[in-house]
Amino acid sequence: MNEGERLTELAKRRGFYFPAADAYGGAAGFWTYGPQGAALKDNIEDAWRDRFVVQAGHQEISAPDVMPEPVFEASGHLDGFDDMIVECGECGATHRADHIVEDNTDIEEAESLPNEEVMEIIASNDIPCPSCQASLADEPVDNFNLMFETNIGPGSSSPGYLRPETAQGIFVEFPQLSEYARNQLPFGVAQIGKAYRNEISPRKSLVRVREFTQAELEHFVDPEEDEPPLSTVEDVTLPLYSGERQQADDGSVEQMTVGEAVETGVVTSDWVAYYLGIARDWYERIGIDMDRFRFRQHLPGELAHYASDCWDAEAEIDGDWIEITGFAYRGDYDLQKHAEYSGDDYTVFKQYDEPITVERPTVDPEMSYLGPEFGGDAQAVADALEQLAADDPDAFDGEEVSVDLDGESVTVPVDQTGFSVEEITENGEHITPHVVEPSFGVGRLIYTVLAHAYTEDEVDNETRTYLELPPEQAPTTVGVFPLMDRDGLGEYARQLAEGLRQAGHSVTYDDSGAIGRRYRRQDEIGTPYCLTVDYESLGDPEGDADPENLQTDTVTIRERDSTAQKRVSIDGLAETVERLVGGELTFDDL
RNA sequence: GCGCUGGUAGUGUAGUUGGUAUCACGUGACCUUGCCAUGGUCACAACCCGAGUUCAAAUCUCGGCCAGCGCACCA
């Protein structure tokens, strides 16, 4: 079994995740998180929230999963997510119609052409099926949209779509969100939520699915003035796999600090570099193996149309590199689009330190002259004069001024134009913010964390499987066991478990079978600590304990990774466990 | 979406001249067990779905669904 298979088996057996609706044959690309998986997902989301919202001083929102069509017309998903496909009647292979047209003709951007035209181009150019060379001349060109479509309300007059990314829910609400940020750049808005893509072929359990959770941050910045606090991350070492490195033969990763990456220009955007640094430490915190991790730069050909520089965080599993986060500098693309399509204001007013006075040439044409002189063209002449004043105020220096009207030059006396140069005080300007976007795939993070946490070792000549999860991420914090369920050990342990639960810990109580078996159960779900109530806890002088030195009201605490045990007092135990989980205390300190 | 391979208790598996299913782990109960999958007894639990062939289908045929891999796809 390879890593992925072992993980899938463990995930199903122990309740991390499994195919959804299996009773009805299931549906490809949909997974249910079981009790352990849902808890792990919550913990990872909480850790993300802690770092990218709370510590970063950003705000979190929750937008709808369904949005009306115009949102996706503006975002470009309606066209961009809509693939033109043509199916070969001979071999049945499906191809991107626009791609084969681009490959076989001089036409670029075939995607923007209507389907019928693409079909005609295929026929008239005799483009064959790339798989079997059969003629595609009479094959219809169809659309396949990766977005799930639905209807809002009765009938089909109001189409809606399940969002293919959470980001648009932030962009579309920018005017309101900006208001909440008191219109002060920079500010960040985060969202953790579901996104949906009707993928052609879901693969590799949680890696490519049709419904998934994204954790996205949209950091809105003033491109002219705002700088990331690079000094806080400049010494963080990044494993960078630049475009240049990818094209070189050895294809090796280069270890470089954030500071060096910015200085040498390997990462062109300071903002992206900043987030790579933040994210790298965060990945380590949630348990991703930094020896199986890299940041890969998008090659020029794979860059999205809106992005200038883009890096993916990738993790290695079974020799494959899986994208777990995309870091994009999206510029002002998204806000511009929504401004254009909605007509609303997606800018921020940026006040100057000092108001500035500018000279602005203006015209105030004498319409009672232009009207009789130019008739129906009078307004066009006035507009042309206004444009000329802005472009070339010197043209108004003489007695007459000429403007171009539909290729014809017309002349107007300057004294009829009302030309003047006004002094105007400007207090600031409207700018469209740029956006820096780290976008995390939560399911893929879970998959990676589990794969990297999966460990086997040997205890007393037996193979032991355990998940080396950081205590903070572990679905269950502590297992509580009586050594045996008799002589009051069980009652004592149940009370202990209850007390820990009331203190907010995620506790599993288990009195079934031998103690070793119970430890192994917890090992497999990554529970970092187990507490065992034994006879010494009760003050029973029988057995192993030194009767002269009985430590009543103590329990043993066992560490998952080392299987080492220590004896701790039940006084303040909830707090001790909390400090262990929080990393303020190590097991060795006990 | 195409192709290849596969689908048997919760998990991993055995099982082709067609006759209702093997083993292990697991789960539960009881006994044993004074700290790392103890031993014992008992119990629970499966042939992916549908159609066809047949007296009879886990087994043969067809279709579907699902999984893994390859191709394609991944604004």
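Basis of the calculations
Residues numbered from 1 in each chain as written. Chains lettered and ligands numbered in written order. Predicted model: local features only at pLDDT ≥ 70, side-chain atom pairs only at ≥ 80, totals over all residues. Heavy atoms only, no water. Helix = DSSP H or I, 4+ residues; strand = E, 2+ residues; numbered from the N terminus. Expected span 1.5 Å × (residues − 1). Buried < 20%, exposed > 50% of the residue type's maximum accessible area, 1.4 Å probe, protein only. Arc of directions from axis to C-beta. Contact = heavy atoms within 4.5 Å. 1 Å grid on protein atoms, 1.4 Å probe; cavity = no way out; pocket = protein on both sides within 12 Å on 5 of 7 lines; lining within 4 Å. Points joined across faces, edges and corners; volume = space filled by probe spheres on them. Nonpolar A, V, L, I, M, F, W, Y, C, P; charged D, E, K, R; others polar. Pairing = 2+ DSSP bridges. Axes fitted to C-alpha atoms, helices over the stretch in contact; angles between N-to-C directions. Parallel < 35°, antiparallel > 145°, perpendicular 65-115°, else oblique.

**Q** What is the right way to read helix α14 (residues 378–391) from this model?
**A** Helical geometry note: an α-helix holds 3.6 residues per turn, so side chains three or four residues apart project in the same direction. If you check α14, its first and last C-alpha atoms are 20 Å apart, about what 14 residues at 1.5 Å a residue would give, namely 20 Å. Listing the buried residues of α14 in full gives A378, V381, A382, A384, L385, L388 and A389. On an axial view of α14, the arc spanned by its buried residues comes to 160 degrees, and they lie on one face. Turned more than 90 degrees off the buried face of α14, the exposed positions are E386, A390 and D391. As for α14, its buried residues are in contact with β17 (348–362), α13 (367–374), β18 (400–405) and β19 (408–413).

**Q** Please explain empty space enclosed by the protein as it appears in this structure.
**A** Space left empty within the atom packing is revealed by a probe, the size of a water molecule, rolled over the atoms. Applying the stated criterion across every chain yields a total of 1 cavity of 30 Å³ or more. There is about 30 Å³ of room inside the largest cavity. As for the largest cavity, its lining consists of I44, E45, W48, A215, W282, F440, V442 and L445. Those elements that place two or more of their residues in the lining of the largest cavity are α2 (35–54) and α15 (442–453). Here the element with the most residues in the lining of the largest cavity is α2; it accounts for 3 residues. Of the residues contributing to the lining of the largest cavity, the split by class is 7 nonpolar, no polar and 1 charged.

**Q** I would appreciate a short explanation of the pairing of β19 in the present structure.
**A** Within a regular beta strand, the side chains point alternately toward one face of the sheet and then the other, so they alternate between its two faces. Pairing of β18 with β19 involves 6 bridges; the strand directions are antiparallel. The residue of β19 that forms the bridge with S402 is T411. Counted along the chain from β18 to the antiparallel partner β19, the turn is 2 residues long, and its residue D406 has a positive phi close to 50 degrees.

**Q** Hey, could you run me through the packing of helix α1 (residues 3–14) against α15 in this one?
**A** Any two packed helices are characterised by how steeply their axes cross, that is the angle between the axes, and by the distance between the axes. Direction vectors running N to C along α1 and α15 enclose 105 degrees, while the axes themselves pass 10 Å from each other. The angle between the axes of α1 and α15 places the two elements in the roughly perpendicular class. In this structure, α1 uses E3, G4 and L7 to contact α15, whose residues at the interface are Y447, L450 and A451. Residues belonging to the contact of α1 with α15 are distributed by class as follows: 4 nonpolar, 1 polar and 1 charged.

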